[in-house]
Amino acid sequence: QVQLVESGGGLVQPGGSLRLSCVASGSISRINRMGWFRQAPGQERELVASIANGGSTNYADSVKGRFTISGDNAKKLVLLQMNSLKPEDTAVYYCNADYNVSPWLRSREVWGQGILVNVSS
């Protein structure tokens, strides 16, 4: 079974930084895209940032200039460096991956269990 293991969350003061890590494991022939979503209480889950196999990235407008996503496809790893954190960044962050098990099958999607980022003074 394919799983995503997340780490790096926690409590940080406004203006501080955190780095989230996500590693995929299991039967994966190719990762097409990995990224991070977040969900605050009472809010819809939203895309924070993603990175495709070719290296192209996508960011939510609210985090542009503050967050940086990077990845290593061979290591099945994605990192999210979060700088200049704001209280409104507080949420549960979920790693996500789009991958292939076999070239004979269409791509699949898997989610991590979520990790809390709390930006508070």
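**Student:** Lay out the packing of aromatic side chains with the relevant residues and their values.
**Tutor:** Under the defined criterion, the tally for this structure stands at 1 aromatic pair. Sitting over the face of the ring of tyrosine 94, arginine 45 holds its NZ or CZ atom 3.7 Å from the ring centroid. The aromatic ring of tryptophan 111 is capped on one face by arginine 45, whose charged end is 4.7 Å from the ring centroid.

**Student:** Tell me about the pattern of salt bridges, residues and numbers included.
**Tutor:** Tallying each qualifying case throughout the model produces 5 salt bridges. Among the salt bridges present, the one from glutamate 109 reaches arginine 33, with a minimum N-O distance of 3.6 Å. Of this pair, glutamate 109 sits in strand S10 (residues 108-111) while arginine 33 sits in strand S4 (residues 30-39), and the two are 76 residues apart along the sequence. You can call glutamate 109 partly exposed: its relative accessible area is 47%. Measuring nitrogen to oxygen at the nearest pair gives 2.7 Å for the salt bridge that ties arginine 66 to aspartate 89. Placement of arginine 66 in the loop between strand S6 (57-59) and strand S7 (67-72) and of aspartate 89 in the loop between strand S8 (77-82) and strand S9 (91-100) is noted, with a sequence separation of 23 residues between them. With respect to class, arginine 66 is no different from aspartate 89; both count as buried. One continuous salt-bridge network, built from bridges that share partners, spans Arg38, Glu46, Arg66 and Asp89.

**Student:** Go over the side chain of glutamate 6 with me, naming the residues and quoting the values.
**Tutor:** Topologically, glutamate 6 is positioned in strand S1 (residues 3-7). Here glutamate 6 is buried and forms no salt bridge, its nearest opposite-charge partner arginine 45 lying at an N-O distance of 8.0 Å. At 2.8 Å, the side chain of glutamate 6 and the backbone nitrogen of glycine 114 are in polar contact. For glutamate 6, the residues in contact, after removing those within four places along its chain, are Ser21, Cys22, Trp36, Tyr93, Tyr94, Cys95, Gly112, Gln113, Gly114 and Ile115.

**Student:** Give a description of the pairing of S7 that names residues and reports values.
**Tutor:** Alignment of S7 against S8, held across 6 bridges, turns out to be antiparallel. When the bridges of S8 are listed, threonine 68 appears paired with glutamine 81. Where S7 folds back onto S8 in an antiparallel hairpin, the turn is made up of 4 residues, including lysine 76, whose phi is positive at roughly 55 degrees.

Cut-offs and rules
Residues numbered from 1 in each chain as written. Predicted model: local features only at pLDDT ≥ 70, side-chain atom pairs only at ≥ 80, totals over all residues. Heavy atoms only, no water. Phe/Tyr/Trp six-rings, centres within 6.5 Å; stacked < 30°, edge-to-face > 60°. Lys NZ or Arg CZ within 6 Å of the ring centre and 35° of its normal. Salt bridge = Lys/Arg side-chain N within 4 Å of Asp/Glu carboxyl O. Helix = DSSP H or I, 4+ residues; strand = E, 2+ residues; numbered from the N terminus. Buried < 20%, exposed > 50% of the residue type's maximum accessible area, 1.4 Å probe, protein only. Lys, Arg positive; Asp, Glu negative; His and termini not counted. Polar contact = N/O pair within 3.5 Å; in protein donor to acceptor, adjacent residues only side chain to side chain. Contact = heavy atoms within 4.5 Å. Pairing = 2+ DSSP bridges.

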